[in-house]
Amino acid sequence: MRHYENLVIVKPTLTAEEIQNSVAAVEEIITANGGEIATTNAMGMRKLAYPINKNERGYYHVVYYSVAPSSISEIERRFRINEDLLRFVTIKYDTNREIKAWNQLVDKMKKSASTPAKEEAPAEAVAEAQEAPVEAAAE
Amino acid sequence: MSEKRKYKKRFCKYCESKVEFMDYKDAGALRFSLSERYKIMPRRLTGNCKKHQDMITIVIKRARAAALVPYTVTRKTVVSAPFENLR
């Protein structure tokens, strides 16, 4: 098993639901080939640095996973067939240093995935605090 | 006198901050080693060491493939997208 990272750009012309479906399909391809997904990171809709197939924007999604090296060619073949994807970039994390970096990235993504719940609470408190003076002024 | 040096010779910025791994998705961090036209800056201008220059070239080329950093900037694209993605 080797550590990999796949960045996938999904077509922007699809609806939000279709994008989620195609992202799920990407993860399905990886797991179907014996991959273990460590974490995922949705970078969201971004402007592309240059147009790809006349698309100016794209939905970025990153998947961190570990899989046997022989399965990668099959995974990439399936990605090429998939017409929802504008582009995919597969990165191998091979050396000790890179594996360390991979683990750090995965931890970071897991933390950032769990933190938004914490961040929401203060944001609400701020919103309430902003509302309160308005009410006071209205009275 | 020879022409004045455009850039000051510096020590490797990445060695100083002990960078061991660069992430190609962090396009803002690649800005340092890219010129205004998104060319990879030579070592003699940035002062990067060989090790980190090798790392950054690989990372920049990955970022280009992922459409995070442009390959070329022509007169047309300069006007429409000045450094939009990177900040």
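So, how was this worked out
Residues numbered from 1 in each chain as written. Chains lettered and ligands numbered in written order. Predicted model: local features only at pLDDT ≥ 70, side-chain atom pairs only at ≥ 80, totals over all residues. Helix = DSSP H or I, 4+ residues; strand = E, 2+ residues; numbered from the N terminus. Buried ≥ 20, exposed ≤ 12 C-beta atoms within 10 Å, placed from the backbone. Contact = placed C-beta atoms within 7 Å. Pairing = 2+ DSSP bridges. Axes fitted to C-alpha atoms, helices over the stretch in contact; angles between N-to-C directions. pLDDT = per-residue confidence, 0-100.

## Let's talk about the overall build of chain B
Scanning chain B from N- to C-terminus turns up five helices and zero strands. Start at the N end of chain B and walk to the C end: the helices and strands fall as α-α-α-α-α. The buried share of chain B, reckoned over its 87 residues, is 23%. Intrachain contacts of chain B at a sequence separation of at least 6 include 68% that bridge at least 24 residues.

## Digging into the environment of B:Tyr71
Turning to its location among the elements, B:Tyr71 is positioned in the loop between helix H4 (50-65) and helix H5 (75-80). With near-sequence residues (within four places) excluded, B:Tyr71 lies in contact with A:Tyr50 and B:Arg64.

## Examining the sheet that holds strand E4 (residues 85-93) of chain A
Residues and elements named next belong to chain A. Strand order across the open sheet formed by four strands is E2-E3-E1-E4, with antiparallel pairing between neighbours. Edge positions in the sheet fall to strand E2 (36-52) and E4, since each of these pairs with one other strand and no more. Mean inter-strand twist for the sheet, computed between neighbouring axes without regard to direction, equals 20°. Helix H2 (residues 72-81) contacts strand E1 (2-10), strand E3 (55-67) and E4 of the sheet and is inclined by roughly 165° relative to E4.

## Some points on the confidence of the model for chain B
Residues and elements named next belong to chain B. In this model, chain B carries an average pLDDT of 80, and 76% of its residues clear a pLDDT of 70 or more. Between the elements of chain B, mean pLDDT differs from a low of 64, seen in H5, to a high of 92, seen in H4. Quick note on the complex model: pTM equals 0.75, ipTM equals 0.72.

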